[in-house]
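# Structural features, examined
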Amino acid sequence: DAFAKFPSTFPPVAVGLVRAAEAVGDLSGMFEQLADWLQREQRIRRQVRSALAYPVLLAIVGSLITILLVTFVMPRFEAIYAQRSADLPPLTEAVLGVGRFITAGWKVWVPSLAVAVAFGGFARRTRFVHRMLEHVRFDAPLLRSVIRPADLARATRTLGVLLTAGVPLLDAITICRGLSPWSRWSRFWDRIEEGARNGDGIADRFEGGDLVPGSARAMIAAGERSGRLPAVLNRVADAADEDLEVAVKRVSVMLEPLAIVVLGSVIGIVAIALLLPVFKMSTIAGG
């Protein structure tokens, strides 16, 4: 009851585990399981963030370098070109126009950016935008390869820990439903709960969606038939952790060179726009 009064500190899983431990008189053992669960949850978050950290850092650094080039470097060369009465190529004019807009048009783009951020925060709460974000999260090729094993590991490990602790199945499903705000997982847990209430078991309900791979569904079905469902759920979670590690490495290997190529291309375009008038003036002088 004390844990439940601080939901921002103790998630529903922690409250459910401690409540079950108090009922069976094994509070110390349950705290060890809870600590292990929290540690694994943090590990999953770190793995997902590490897959995106380097590309995001490159994007930020590249944006700052590009803004510096078009707002401080290019205008100085523009003055030199004006003294030489050089005709600027369209690419150079376009880059200079971007720099002028950033420096002189801040009265336009700063309020526009603030409005866009505010509108984005409001639009994110709408069902349409939420569905779009959910589609990207679950179906984008690179993001899907990281998100799906992370979600699977969290769901199966939490359910396994709760069942091992003696939490009733329906209560465990209710707790697990709060792990994810996305409708696909809500529908998944609705199917699991329906199977549990009808007495049909939960293994068949894992077949109804694409959130659980076939190998994991077969393991869960075998675990339910043999009466070792909690242990098998933990094994599925361990396998999903391994898949997550492989996916994180694969995504990092693919995103890092892609981010470098994009960053180099943007900076290269700015550099070409900077040097094109110089080459043109040199050609005229040589002719």
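So, how was this worked out
- Residues numbered from 1 in each chain as written.
- Predicted model: local features only at pLDDT ≥ 70, side-chain atom pairs only at ≥ 80, totals over all residues.
- Heavy atoms only, no water.
- Helix = DSSP H or I, 4+ residues; strand = E, 2+ residues; numbered from the N terminus.
- Rg over C-alpha atoms; globule rule 2.2 N^0.38 Å.
- Buried < 20%, exposed > 50% of the residue type's maximum accessible area, 1.4 Å probe, protein only.
- Contact = heavy atoms within 4.5 Å.
- 1 Å grid on protein atoms, 1.4 Å probe; cavity = no way out; pocket = protein on both sides within 12 Å on 5 of 7 lines; lining within 4 Å.
- Points joined across faces, edges and corners; volume = space filled by probe spheres on them.
- Nonpolar A, V, L, I, M, F, W, Y, C, P; charged D, E, K, R; others polar.
- Phe/Tyr/Trp six-rings, centres within 6.5 Å; stacked < 30°, edge-to-face > 60°.

## Some points on the overall build of the protein
- For the protein, the count of helices and strands is 10 helices and 0 strands.
- Compactness check: the protein gives a C-alpha radius of gyration of 28 Å against a globular reference of 19 Å for 287 residues, more than 25% above the reference.
- On the principal axes, the C-alpha backbone points of the protein span a range of 90 × 40 × 35 Å.
- Counting over 287 residues, the protein shows a buried share of 34%.
- Within the protein, contacts between residues separated by at least 24 positions form 64% of all contacts whose residues are at least 6 apart in sequence.

## Notes on the side chain of threonine 156
- Mapped onto the elements of the fold, threonine 156 is located in helix 6 (residues 141–164).
- Ignoring any residue separated from it by four or fewer positions in sequence, one finds threonine 156 in contact with Leu233, Val236 and Ala237.

## Considering the layout of surface pockets
- The computed volume of the largest pocket comes to approximately 310 Å³.
- Along the walls of the largest pocket sit 14 residues, with Val48, Arg137, Ile147, Asp151 and Arg154 positioned nearest its centre.
- Breaking the lining of the largest pocket down by element, the ones donating at least two residues are helix 2 (27–83) and helix 6.
- The element contributing the most residues to the lining of the largest pocket is helix 6, with 5 residues.
- Tallied by class, the residues present in the lining of the largest pocket amount to 8 nonpolar, 1 polar and 5 charged.
- Its boundaries defined by the atoms lining it, the second largest pocket holds a volume of some 240 Å³.
- Lining of the second largest pocket is provided by 16 residues; of these, Pro11, Trp37, Leu38, Glu41 and Arg45 occupy positions nearest its centre.
- Taken together, the elements giving at least two residues each to the lining of the second largest pocket come down to helix 1 (12–24) and helix 2.
- Of the residues forming the lining of the second largest pocket, the biggest block, 6 residues, is contributed by helix 2.
- Taken together, the residues that form the lining of the second largest pocket break down as 10 nonpolar, 3 polar and 3 charged.

## Describing the packing of aromatic side chains
- Under the definition given, this model contains 6 aromatic pairs.
- For the pair phenylalanine 138 and tryptophan 182, a centre-to-centre distance of 6.4 Å together with 85° between the ring planes defines the contact as edge-to-face. One end of the pair, phenylalanine 138, is in helix 5 (residues 127–139); the other, tryptophan 182, is in the loop between helix 7 (169–177) and helix 8 (183–198), with 44 residues separating them in the sequence. Both residues of the pair, phenylalanine 138 and tryptophan 182, belong to the buried class.
- Measuring from centroid to centroid gives 5.1 Å for phenylalanine 188 and tryptophan 189, while their planes differ by 75°, and the two rings are edge-to-face.
- A relative accessible area of 3% means that tryptophan 189 is categorised as buried.
- Members of the aromatic cluster, connected to one another through ring pairs, are Phe3, Phe10 and Phe31.

Spatial relationships are all this shows, so hold off on functional conclusions.
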